[in-house]
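Close look at the chain arrangement
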Amino acid sequence: MIEFGYARTPYGQIHYAECGQGDPILLLHQTPRSWDEYREVLPLLGRSHRAVAMDTLGFGASAQPATHTVEAYALGVLALMDALGLESAAVAGHHTGGVIAIETAARAPERVARLVLSSTPLVDAEARERRRRGRRPVDNATERQDGSHLTELWAGRAAFYPPDRPDLLARYVRDALAVWPGVGLGHQAVAAYRMEERLGLICCPVLCVGASADPFGFPELDRLAARLPGATTAVIGDGMVPLEFRAAEFAGVVEDFLG
């Protein structure tokens with residue numbers, strides 16, 4: 001059974017969902033999602049761990065941060081750990097959540113026992129330059145009176161989702177509307193993050209996970225792992241941008257890594 005709660009923190013209330021008992025693992029979602037990205041994963045990991053999926057500050061039902069930066073999001077992660085009485089935990093993140101997980105492990109290495117980076121981009125000078133040269137922002141839509149921005153959100157992600165799972169796109173659109181019009185703020189925070197200055201501070205075991213049909217995360221798998229000495233990798237065949245699409249496979253590689 002998934003249970004829900006709100007934790008009081010110095011940054012406002014943080015919403016979370018949890019399942020199971022045992023050693024804790026904290027799950028961080030991509031932008032602009034919520035804990036719901038891990039709806040299928042929570043009971044699977046909850047068989048052997050206390051699995052906690054949080055709404056990042058500024059997303060889902062959590063409070064808005066003073067500024068949308070990766071550093072502010074990571075402070076929210078640590079504040080939730082404090083509120084839940086977790087001295088340390090394994091931390092897993094998908095896409096934006098992986099970037100936040102990196103900052104969390106760099107900022108407080110003694111509190112992150114193991115790190116799982118799923119479809120996580122390597123945000124270095126080269127990546128920032130690519131964005132500066134005009135790559136179209138992800139999840140970019142302008143509100144219109146006829147509501148066509150809703151179909152624009154849907155269409156913008158459809159190519160990266162399984163064609164026979166409109167339910168997954170509906171869940172994405174629901175989360176996007178919950179933070180409208182700030183859908184892209186998390187992407188902007190990632191684009192400004194200087195990850196290359198933080199990777200050397202990580203000292204725990206790391207697993208980098210790639211979804212083979214994810215055009216954003218999969219090309220980054222080996223590049224990111226190479227910057228983390230000793231990191232291991234795993235590939236989820238036919239995995240796509242929505243983690244839910246291969247929830248069982250994701251939970252399996254995480255359980256193997258956690259031992």
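You'll find the structure just up there.
My aim in this report is to walk through the structure given alongside it, one point at a time. (Residues numbered from 1 in each chain as written. Predicted model: local features only at pLDDT ≥ 70, side-chain atom pairs only at ≥ 80, totals over all residues. Heavy atoms only, no water.)

**Focus on the packing of aromatic side chains**
- Evaluated as defined, the whole model comprises 5 aromatic pairs.
- Measuring from centroid to centroid gives 5.0 Å for phenylalanine 4 and tryptophan 35, while their planes differ by 75°, and the two rings are edge-to-face. Of the two residues, phenylalanine 4 is situated in strand 1 (residues 3-9) and tryptophan 35 in the loop between strand 3 (24-28) and helix 1 (41-45); the sequence distance between them amounts to 31 residues.
- Phenylalanine 4 sits in the partly exposed class, given a relative accessible area of 49%.
- Given the relative accessible area of 8%, tryptophan 35 is considered buried.
- Consider the rings of tyrosine 161 and tyrosine 172, whose centres lie 6.5 Å apart with planes at 50°: the pair is tilted. One end of the pair, tyrosine 161, is in the loop between helix 5 (148-158) and helix 6 (166-178); the other, tyrosine 172, is in helix 6, and 11 residues separate them in sequence. Side by side, tyrosine 161 and tyrosine 172 carry an identical accessibility label, which is buried.
- Against the face of phenylalanine 257 rests arginine 114, its NZ or CZ located 4.9 Å from the ring centre. (Phe/Tyr/Trp six-rings, centres within 6.5 Å; stacked < 30°, edge-to-face > 60°. Helix = DSSP H or I, 4+ residues; strand = E, 2+ residues; numbered from the N terminus. Buried < 20%, exposed > 50% of the residue type's maximum accessible area, 1.4 Å probe, protein only. Lys NZ or Arg CZ within 6 Å of the ring centre and 35° of its normal.)

**Side note on the nonpolar core**
- With 57 residues, the main nonpolar core has Leu26, Leu80, Leu115, Leu117, Met195, Ile202 and Leu224 as its most contacted residues.
- Ignoring any residue separated from it by four or fewer positions in sequence, one finds leucine 224 in contact with Ile102, Leu117, Thr120, Leu122, Met195, Leu199 and Cys208.
- Ile25, Leu45, Val209 and Leu243 belong to the second-largest nonpolar core, a separate cluster that totals 25 residues. (Core = buried A, V, L, I, M, F, W, Y, C linked by side-chain atoms within 4.5 Å. Contact = heavy atoms within 4.5 Å.)

**Some details on the pattern of salt bridges**
- Summed over the entire model, instances satisfying the criterion amount to 22 salt bridges.
- Between aspartate 175 and arginine 33 there is a salt bridge; the shortest N-O distance is 2.7 Å. Here the residue aspartate 175 occupies a position in helix 6, and arginine 33 occupies one in the loop between strand 3 and helix 1, the gap between them amounting to 142 residues. For the pair formed by aspartate 175 and arginine 33, the shared burial category is buried.
- Across the pair arginine 47 and glutamate 255 runs a salt bridge, and its minimum N-O distance is 3.4 Å. Here glutamate 255 lies in helix 9 (residues 247-258) and arginine 47 lies in the loop between helix 1 and strand 4 (50-54), a separation of 208 residues in the sequence.
- Salt bridges sharing common partners tie together Arg33, Asp36, Arg39, Glu40, Arg171, Arg174, Asp175 and Glu244. (Salt bridge = Lys/Arg side-chain N within 4 Å of Asp/Glu carboxyl O.)

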